[in-house]
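This is what each chain is made of:
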Amino acid sequence: MSRILIVEDENAIAELEKDYLELSNFDVEIESDGKNGLDRALAGDYDLLILDLMLPSMDGFDICKEVRKVKDIPVIMVSAKKDDIDKIRGLGLGADDYLTKPFSPSELVARVKAHLARYERLVGSSPVSNDIVEIRGLKIDKTARRVYVDGEEKNFTTKEFDLLTFLAQNPNHVFTKEELFKKIWDMESVGDNATVTVHIKKIREKLEFDTSNPQYIETIWGVGYRFKI
Ligand code: CA
């Protein structure tokens, strides 16, 4: 659930915004003071900020500027004066959107949803959110489908990658060759349990310093394979 902070000193407006946003299943908090609003925006784990312009102790311009130094969450600024909108744009504070009071609460909700969706797309495509599996010297980047052994990238075929990732994500569990074949290869695939053996051998050649004494994938004789952790 997305968390939203509203910094607004007019209680009736803040409560109205909150009610509408909560109907759309957002988790909403209200702060009426400017400085406290900045502190909460910086400290809290919010996904979006709705900032009024005229506030006690610190105005929306300054709050936006300070928040932008450390966070790139969407900021929607609201103001009673239409002139302020031009000022906000002119200052280049990094606000994502502007609304002039009075605005319809459903308009606000629509914009909140649009900005959150856009932000999630941006964050989702950035490398920091790559799905990584790391075990000792082995690093598997599932998002980029790349494998590194002691910092050096190794090339894996699609099935080798799938097999290694599956085993690494289920460590200390013994899988039979039949189970692994079913799991990694389509039912229509040509091949059998020997295919698994061949792929394990190839994975070891890329992964292991000494393939006769494997550190990652162990052979459990008469049963199958297990990823050591
Ligand atoms: Ca105000």
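These numbers come from a predicted model, not from an experiment.

1. What about the pairing of strand β3 (residues 48–52)?
Working step 1: In terms of residue burial, β3 counts as a mostly covered element, since five of its five residues are buried.
Working step 2: The alternating pattern of β3 places L48, I50 and D52 and L49 and L51 on opposite faces, both of which are buried.
Working step 3: Alignment of strand β1 (residues 3–7) against β3, held across four bridges, turns out to be parallel. Across the sheet, the residue bridging to I4 is L48, located in β3.
Working step 4: Summarising the sheet, β3 and strand β4 (residues 75–79) pair through four bridges and their orientation is parallel. Bridge assignment links I50 to a residue of β4, and that residue is I76.
Working step 5: Handedness of the β-α-β unit built from β3, helix α3 (residues 60–70) and β4 comes out right-handed.

2. Section: the sheet that holds strand β8 (residues 146–149)
The strands that make up a sheet are held in pairs by hydrogen bonds between backbone atoms, and each pair lies either parallel or antiparallel.
Working step 1: If you trace the four strands from one edge of the open sheet to the other, you get β6-β7-β8-β9, paired in antiparallel fashion. Each having just a single partner strand, β6 (132–135) and β9 (152–154) make up the two edges of the open sheet. Direction aside, the axes of adjacent strands within the sheet are offset by 25° on average.
Working step 2: Direction of pairing for strand β7 (residues 138–141) relative to β8: antiparallel, over a ladder of four bridges. Bridge pairing in β8 places I140 opposite V147.
Working step 3: The sheet contacts of helix α6 (residues 158–169) involve β6, β7 and β8, and relative to β7 the element is tilted by about 115°.

Parameters and conventions
- Residues numbered from 1 in each chain as written.
- Predicted model: local features only at pLDDT ≥ 70, side-chain atom pairs only at ≥ 80, totals over all residues.
- Heavy atoms only, no water.
- Buried < 20%, exposed > 50% of the residue type's maximum accessible area, 1.4 Å probe, protein only.
- Helix = DSSP H or I, 4+ residues; strand = E, 2+ residues; numbered from the N terminus.
- Pairing = 2+ DSSP bridges.
- Right-handed = clockwise from strand over helix to strand, strands pointing away.
- Axes fitted to C-alpha atoms, helices over the stretch in contact; angles between N-to-C directions.
- Contact = heavy atoms within 4.5 Å.

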